[in-house]
Amino acid sequence: MKAMENVRAYMRQRPFELKKLKDGGRKIVGYVPDGYFPEDLAWASGAIPVGLIRGGDHEAVERSAETGVLRFLDSFCRAQIGYWKMEEPLYRLPDLMVVPILENNIKIISDCWEHAGPGGVFKFGVPHKQTQNGFKYYLYWIRELIQRLQELTGKEINEAALKEEIDLSNQIRDLFKEISQTRKSDPPAISGTDFITLNHASYLYDKRDFLKVLKEVSEEVKKQTTGLPQGPRIMLTGSTIALGDSKVIDMVETAGAHIVIEEFCEGIRHYREKVEPNGDLVEALTDRYFLKKLPCADCRGASLKRFDHLISLVNEYKVDGIIWYSMMYRDSYDIEGFYFAEQLEKGEKIPLLKLSSDYDAHAEIGPFRTRIETFVEMIKANK
Amino acid sequence: MVVAGIDVGAATAKAVILVDGQMFWDVRPTGFNIIKTSNEVMAVVLEKAGLSMDDLKYIVSTGYARNSIPFAHKSITEIICHAKGAYYTFPGVKTIIDIGGQDSKVIGVGEEGKVNNFVMNDKCAAGTGRFVEVMATVLEIDISEMGPTALKSKEPCQVSSTCTIFAESEIVSLRAEGRSREDLIGGIHKSMAARVTIMGRSVGYRDEVVFTGGVAKNIGAKWFLEQEIGLKIVVPEEPQIIGCLGAALLARAQLGQ
């Protein structure tokens, strides 16, 4: 797809572009894209938000040890620390880091960035229960974040600017939903590789440029198919699918299966829930980001809601099998993985394959390939 | 229709040729040069069958080096192959426990030898043939004697089942304490059986349970596994070539047979 080629080219030059923008006086706000940072606030303040979603490099995981961080910690989170240590441009550019803290692994990213890293970190806790008290707490911190962003850029976030950003983000969500619908066909009209790349791109792109790109992709996708043969339909889920961590996706597609839908805490946008810009805009953002959004696995009692959601996706996208791909030592997802496996065994009996990565591609490729190929063959034989 | 399967694992390479209802086979250590060993094992079996490479209509490769075999027409994972091979040998199979030189697997088998669930350990030596080998070296006993000696154990030692290296030093300490050779070796086998059994719980153990892989030739391993899972286990006559046989059967299936 021509549009996808343009996306890849854009992403390659974006760090240089951001450097130029920064030299020209723009402020860069880096953030952990766990879905709890309303980027519209950054855009409206005149800053450029950059989602820090790189992963897949074992070197980054190892380098994090230089900050004294524990070995037995989520690989993606350790990599975020390591990329800063390795002087990855995207990690060195931000003037401010925003970390919405869900659990211990993410908290440690913020600790390391604060003490051994770039310094300026705005961190806040995300309550684990979607209650009114939780809403008030989250809203309080969003208002604090607004202050911080305004201090950073010297520009006040006015209502008109924020409304414009919210509208554009809603349009982006609608387009993601539209494109996602085309994956319901057999075979899907757009590959898992491309759809995931678009999600990753959304964290790095200029927003208005990205909206144009999504419109282009949506047009192209309606006109053509991937030209690939039908194959087992896979849902890919877990904690994190990072930019640079494509081995599982590649192996699934090489084995002749199609990833038709994803659900991740970090790496995939939650495009189903929109912001309803009625009344107080900041409260509207808080409502969508805290109350409406599908909670991630770290939230208490979220498992049932999340499980029901996954099953509804299985039915909607006619999924043949689920690949549970998690980072090593992400405890909340490990526990949820066990719970989901039990539930599937008792109920829907959808085949499930669990994979766990430490970003050690060298050691993992053989074992993963054997498991993925077997899983795909298993589904084909039993269809 | 003459077909062949080749299974190149981490420890051993196997080849099977099926012709006119007859089976010819060979096993040898994989060694360092995979291509060389593949050619060798295939040459040996061709000679046994009185055939040449050109006579083979379809070859399926399996095992961890399956994608490195130049003369294979298709590669299929060892889990799929084991299920086919075990089903052919024991049509009532519902569970396969496969313990090889460097890995172990538990496979749930459905109708017609199709895989319906699986779990594998290819990361850790505990619960694999390597565990038994390391201990045999420590105790200065030939590997073929490990199984029979384990069966003579009266009170198998408690041995750490999670790490071969830790287990090794445990065995040295227990020996220094004066524990009998039989009990040390019994403990080693109990530990390996426990490790594999725990891993396979997510698949579940259902009758008939078929034991494959090189370690299935170890009568001690079989006995201790039966104790752990609480079911009788059947062992094929040649447990080491089951995966390879499955590959050959799948080769036949590719030709529409």
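Conventions and cut-offs
Residues numbered from 1 in each chain as written. Chains lettered and ligands numbered in written order. Predicted model: local features only at pLDDT ≥ 70, side-chain atom pairs only at ≥ 80, totals over all residues. Helix = DSSP H or I, 4+ residues; strand = E, 2+ residues; numbered from the N terminus. Rg over C-alpha atoms; globule rule 2.2 N^0.38 Å. Buried ≥ 20, exposed ≤ 12 C-beta atoms within 10 Å, placed from the backbone. Contact = placed C-beta atoms within 7 Å. Core = buried A, V, L, I, M, F, W, Y, C linked by C-beta atoms within 7 Å. Pairing = 2+ DSSP bridges. Right-handed = clockwise from strand over helix to strand, strands pointing away. Nonpolar A, V, L, I, M, F, W, Y, C, P; charged D, E, K, R; others polar.

1. Looking at the overall build of chain B
The secondary structure content of chain B amounts to 8 helices and 10 strands. For 257 residues, the compact-globule estimate of 2.2 N^0.38 gives 18 Å, and the C-alpha radius of gyration of chain B, at 19 Å, lies within 12% of that figure. Dimensions of chain B, computed from the C-alpha atoms along their principal axes, are close to 60 × 35 × 25 Å. Counting every position in chain B, which comprises 257 residues, the buried fraction comes to 50%. Taking the contacts inside chain B whose residues are at least 6 apart along the sequence as the reference set, 70% of them involve residues at least 24 apart.

2. What about the overall build of chain A?
Helix and strand counts for chain A stand at 15 helices and 8 strands. Taking 2.2 N^0.38 as the reference for a compact globule, 383 residues should give roughly 21 Å; the C-alpha atoms of chain A span a radius of gyration of 20 Å, in line with that estimate. Overall, the C-alpha framework of chain A stretches about 60 × 50 × 45 Å when taken along its three principal axes. Classification of the 383 residues of chain A by burial places 46% in the buried group. For chain A, long-range pairs separated by at least 24 residues make up 76% of all intrachain contacts whose partners lie at least 6 apart in sequence.

3. Comments concerning the nonpolar core
Residue and element names in this part refer to chain B. Membership of the largest hydrophobic core comes to 182 residues, with the highest contact counts inside it found for A4, I6, V16 and A248. Element by element, the count of residues in this core is highest for helix α8 (residues 242–254), at 8 residues. Among residues more than four places away in sequence, those in contact with A4 are A15, V16, I17, L56, I59, A248 and A251.

4. Overview of the sheet that holds strand β2 (residues 12–19) of chain B
Residue and element names in this part refer to chain B. In space, the 5 strands of this open sheet follow the order β3-β2-β1-β4-β5, with mixed pairing throughout. Each edge of the sheet is formed by a strand with only one pairing partner; in this case those strands are β3 (22–29) and β5 (74–75). Where β2 and β3 come together, 8 bridges link them in antiparallel fashion. Each residue of the ladder has a partner; that of A15, found in β3, is D26.

5. Things to note about the pairing of strand β9 (residues 209–212) of chain B
All names here are of chain B. Of the two faces of β9, the one holding V209 and F211 and the one holding V210 and T212 are both buried throughout. In the sheet, strand β6 (residues 95–99) pairs with β9 via 4 bridges, with the strands oriented parallel. Bridge pairing in β9 links I97 to F211. Inspection of the sheet shows β9 paired to strand β10 (residues 233–234) by 2 bridges, in the parallel sense. Across the sheet, the residue bridging to V209 is I233, located in β10. Between the parallel elements β9 and β10, the chain passes through helix α7 (residues 219–229) in a crossover that is right-handed.

6. Some thoughts on the interface of chain A and chain B
Listed per partner, the contact involves 9 residues of chain A and 10 residues of chain B. A class-by-class count of the residues in the side of chain A that touches chain B yields 3 nonpolar, 4 polar and 2 charged.

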